[in-house]
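Residues per chain are reported as follows:
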Amino acid sequence: MTALVFYVFATILVLSATMVISARNPVHSVLFLILGFFNAAGLFLLAGAEFLAMLLIIVYVGAVAVLFLFVVMMLDIRVSEAREGLQRYAPFGAAVGAVLFAELILAFGHWRIAPAIDAVPHLGQAAGETNTAALGDLIYTHYVLLFQACGLVLLVAMIGAIVLTLRERPTGRRQDIERQHARTVADTLELRRLPLGRSVRELGGFARPTSYSEAAAKGSYDPHAPVLSDESRGE
Amino acid sequence: MIATLSNFLFHTMLGHVVLVALETLAVLVPLLLGVAYLTLAERKVMAAMQLRKGPNVNGPFGVLQAFADAIKMLTKETVIPSGANRFLFLFAPFLTFSLAMVAWAVIPTGNGIAVADINVGVLYLLAISSLGVYGILIAGWASNSKYAFLGGLRSAAQMVSYEVSIGLIIVSVLLAVGSLNLNDIVLAQRHVWFCLPMFPMFILFFISALAETNRAPFDLPEGESELVAGFFVEYSALAFGLFFLGEYANMFLMSGMTSILFLGGWLPPVGIAPFTWIPGPIWLIVKILFCLFCFIWVRATFPRYRYDQLMRLGWKVFLPLSLAWMIGTAGFLMATGLLPHQGVS
């Protein structure tokens, strides 16, 4: 039964992986990639690594592939143009493939880089312990420094990405929510008493700000000032 | 007779399949009925809040309105727009609907009673709810319509953003529980429900749930004033109906998650006599209905958020708050020695 399920997952995984590189439509490629992730998660489940299976779905399917799909959907990719680079990049692809293939051979040949690894006591799962707990124990108790170092590498990569893409745009109008909340009538509204036939400009203009970054003069609005009436207009 | 039946159900392969199918039906039939009546309840509750009557023609108090809507939707013609990707166009609503269904496999409705009581239940729920975005994204792309596409993109960005804070809030709860099993999470709330010591996270989780299910005031993917109807503008008949059902089933799911993580799941409010007579599933249903009422209440009360404000809220307010709370929880539990399994290694 387990063998049957394994072959179902493995077949779909290999087929969808093939479709990722052979599908003509890039959106279909990404969708096949997601199918591939799913079947890999199924294989993890079969191996009893339910935590890794769920993590694969949450991180890769739920977040990374969404961003892939997001970008690929918005790009207007011409398949023929993409094919032009094939000749140039084929050697690199072949090299990567060869390395992975060699690694697979090593893995299947039971070749071990450190034969003494079985002597390390905390590796492996204690009886009755879920593999989530076992993994947590390993990462956070025994290899916490290495784990933190991985986190730092990712942090550096993240900061690098932000530095590379962040552009200050002085012309753009940034919204400052706190400033908008702090705005009062006094900052905004100004009433001037105007004699008949005179313009505001002649009287020195409004005290209102000339640009967005500059606040209005405080107290330029007096709520108790008499409103322009007919009498005042007659002056 | 009974012995043969129990032998068939519990000791044969086919019997096991039948048993799981029955369990699934026992969860899904009430769920789908609930979804049908949630649409009616929403219209009734919102009508009451706005001093209207709501649907009151089909049956007493309009109770047959849900079925009238369903029959209408089934008998309409399915229109597939020209230039649409036929397979993906029809696949998207099925995906949305079935994802909203499969998540219920792990929800415990009583002590240890779930279709699948798995060790990583919380992660399973998180994984399934994070997949919901694909139905919407694929629908938006396959429709070959700019409104649908923009709606799909908005939704993708929104759901990915709020998932981050939902994840961090769940981590805070898990720190206090010490297990990823949903039943253990409920059992850990025997003495006090997590909504009391983690009240701010409860509120944050509820608001994130609103954003995750694309409900008002975060229903920008279908903001009709700018995007007609968003990602399902091209859908009609059964395909639209599946989206509709999926959206409401997702509301049920998020309410269920809120109940289990913060409101003590199937536990009664206090463990004394009159409350313990009522069975666990009833308590869970009552709590889910309370959350759903809040969903509708919010929809009737608040105007829609603007898109940039929505993103700002997710990334600049919820994310730092939930991260700080998580670190605070870890520090507090460590300092007071209340961390589950502390000292075990």
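Rules of the game
- For every chain, the first residue of the written sequence is number 1, and numbering continues from 1 along that sequence.
- Each chain takes a letter, starting from A, and each ligand takes a number, starting from 1, following the order in which they are written.
- Thresholds applied to this predicted model are a pLDDT of at least 70 for local features of residues and 80 or more for the giving and counting of side-chain atom pairs; totals over whole chains, interfaces and linings are not thresholded and use all residues.
- No hydrogens and no water enter the side-chain calculation; it runs on all heavy atoms of the structure.
- Helix and strand assignments come from DSSP, with helices taken as H or I runs of at least 4 residues and strands as E runs of at least 2, each series counted from the N terminus.
- Type-normalised accessible area, obtained with a 1.4 Å probe on protein chains alone, sets the label of each residue: buried when under 20%, exposed when over 50%, and partly exposed for intermediate values.
- Any two residues whose heavy atoms approach within 4.5 Å at even a single point are treated as in contact.
- What sets the accessible areas is the Shrake-Rupley method with a 1.4 Å probe; for residues, cover comes only from the shown protein chains.
- UniProt positions are given in the numbering used here, feature names are shortened, and annotations may be inferred rather than shown by experiment.
- The quantity reported as buried area is the accessible area (1.4 Å probe) lost by two parts once they are put together, taken as the sum for both.
- Should a side-chain nitrogen of Lys or Arg be within 4 Å of a carboxyl oxygen of Asp or Glu, the pair is scored as a salt bridge.
- Polar contact is defined as a pair of N or O atoms within 3.5 Å, subject to the rule that within protein one atom must be able to donate a hydrogen and the other to accept it, and that residues adjacent in sequence are counted only when both atoms are side-chain atoms.
- Every axis in this analysis is a line fitted to C-alpha atoms, fitted for helices over the stretch in contact. Angles between the N-to-C directions lie between 0 and 180 degrees.
- Comment on the angle field: the value is read as roughly parallel under 35 degrees, roughly antiparallel over 145, roughly perpendicular from 65 to 115, and oblique elsewhere.
- With the far helix as reference, a near helix turned anticlockwise by less than a right angle produces a left-handed crossing, and one turned clockwise produces a right-handed crossing.
- Residues are grouped as follows: nonpolar covers Ala, Val, Leu, Ile, Met, Phe, Trp, Tyr, Cys and Pro; charged covers Asp, Glu, Lys and Arg; every other residue, Gly included, is treated as polar.
- A helix is expected to span 1.5 Å for every residue after the first.

> What should I look at first to understand the overall build of chain A in this one?
In terms of regular secondary structure, chain A is built from 10 helices and 0 strands. For chain A, the N- to C-terminal ordering of α and β elements is α-α-α-α-α-α-α-α-α-α. The buried share of chain A, taken over its 235 residues, is 17%. Of all intrachain contacts in chain A linking residues separated by at least 6 positions in sequence, the fraction that spans at least 24 positions is 56%. Summed over all atoms, the accessible surface of chain A reaches about 17900 Å², with 68% contributed by carbon and sulfur.

> In this structure, what is going on with the UniProt feature "transmembrane region" (unreviewed entry) in chain A? I would like to understand it.
Residue and element names in this part refer to chain A. With numbering aligned to this structure, UniProt lists the feature "transmembrane region" (unreviewed entry) at residues 6–23, 30–49, 55–77, 89–111 and 145–166. For the annotated span residues 6–23, helix accounts for 94% and strand for 0% of the residues, and the straight-line distance between the end C-alpha atoms is 25 Å. Taken end to end, residues 30–49 has its terminal C-alpha atoms 25 Å apart, with 85% of it in helix and 0% in strand.

> How should I be thinking about the environment of I107 of chain B in this particular structure?
Residue and element names in this part refer to chain B. Of note, I107 is situated in the loop between α4 (86–102) and α5 (121–142). I107 sits in the buried class, given a relative accessible area of 3%. C-alpha of I107 to C-alpha of D117: the two residues are 10 residues apart in sequence and 8.0 Å apart in space. Setting aside residues up to four positions removed in sequence, I107 forms contacts with I113, A114, L125, L182, L253, I260 and L284.

> Can you help me understand the interface of chain B and chain A in this one?
Put simply, an interface is often sized by how much accessible area is lost when its parts join up. Contact with chain B, which involves 27 residues of that partner, is made by 26 residues of chain A. Together chain B and chain A conceal approximately 2200 Å² of surface at their shared face, both sides included; 76% is due to carbon and sulfur atoms. The interface formed by chain B and chain A holds 0 salt bridges in total. Inspection of the chain B/chain A interface yields 4 residue pairs in polar contact (both at pLDDT 80 or more). For the side of chain B that touches chain A, the secondary-structure elements that each account for two or more residues are α5, α6 (146–177) and α13 (307–336) of chain B.

> For this particular structure, what's the right way to read the environment of L153 of chain B?
Relative to the helices and strands, L153 of chain B is located in helix α6. Take L153 of chain B: its relative accessible area is 10%, and that puts it in the buried class. In contact with L153 of chain B, not counting residues within four places along its chain, are F70 and M74 of chain A together with L137 of chain B.

> Help me understand the pattern of salt bridges in this model?
Between side chains of opposite charge, a pair can form as their charged atoms come close. Residues and elements named next belong to chain B. One pass over the full model with this rule turns up 5 salt bridges over all chains. Note that R299 and E42 form a salt bridge whose closest N and O atoms lie 2.9 Å from each other. Here the residue R299 occupies a position in helix α12 (residues 280–301), and E42 occupies one in helix α2 (residues 13–49), the gap between them amounting to 257 residues. Overall, the relative accessible area of 36% leaves R299 in the partly exposed class. Two residues, D219 and R304, come together in a salt bridge whose shortest N-O distance is 2.8 Å. Of this pair, D219 sits in the loop between α8 (199–212) and α9 (224–227) while R304 sits in the loop between α12 and α13, placing them 85 residues apart in sequence. Connected via shared salt-bridge partners are E42, R215 and R299.

> Explanation requested: the packing of α8 of chain B against α12 of chain B in the structure shown.
A pair of packed helices can be characterised by two numbers: the angle between their axes and the separation between those axes. All names here are of chain B. Two elements in contact, α8 and α12, have axes separated by 11 Å at closest approach and are oriented at 65°. In terms of orientation, α8 lies roughly perpendicular with respect to α12. For the pair α8 and α12, the sense of crossing is right-handed. Note on element contacts: α12 touches α8 through C291, C294, F295 and V298, opposite F206, A209 and L210. Looking at the contact of α8 with α12 residue by residue, the classes come out as 7 nonpolar, no polar and no charged.

> Sorry if this is basic, but what is going on with the side chain of N181 of chain B here?
Residue and element names in this part refer to chain B. Mapped onto the fold, N181 is located in the loop between α6 and α7 (182–187). Judged by its relative accessible area of 7%, N181 is buried. A distance of 3.4 Å separates a polar atom in the side chain of N181 from the backbone oxygen of I118. Ignoring anything within four residues of it in the chain, the contact list for N181 reads D117, I118 and N119.

> What's the story with unusual backbone geometry in this structure? I'm lost.
For residues besides glycine, phi is generally negative; the peptide bonds are generally trans as well. Here F61 of chain B, not a glycine, exhibits a phi torsion of approximately 55°, which is positive. Turning to its location among the elements, F61 of chain B is positioned in the loop between α2 and α3 (65–75).

> Hey, could you run me through α8 of chain B in this one?
For an α-helix, the turn length of 3.6 residues means that residues three or four places apart are oriented alike. All names here are of chain B. Taking 1.5 Å per residue, 14 residues should reach 20 Å; α8 reaches 20 Å between its end C-alpha atoms and fits that length. Most of α8 is tucked away: 10 of the 14 residues are buried. Of the residues making up α8, those classed as buried are M201, F202, L204, F205, F206, S208, A209, L210, A211 and E212. Where α8 is buried, its residues contact α5, α6, α10 (237–262), α12 and α13. Among the residues trailing α8, N214 stands out with phi positive, at a value near 55°.

> I would appreciate a short explanation of the packing of α8 of chain B against α10 of chain B in the present structure.
All names here are of chain B. Contact geometry for α8 and α10: axes closest at 10 Å, N-to-C directions at 165°. Taken together, the axis directions place α8 and α10 in an arrangement best described as roughly antiparallel. Every pair of crossing elements has a handedness; the one defined by α8 and α10 is right-handed. Only M254, M257, T258, L261 and F262 of α10 make contact with α8, whose side of the interface consists of M201, F202, F205, A209 and E212. Across the contact of α8 with α10, the residue classes tally to 8 nonpolar, 1 polar and 1 charged.

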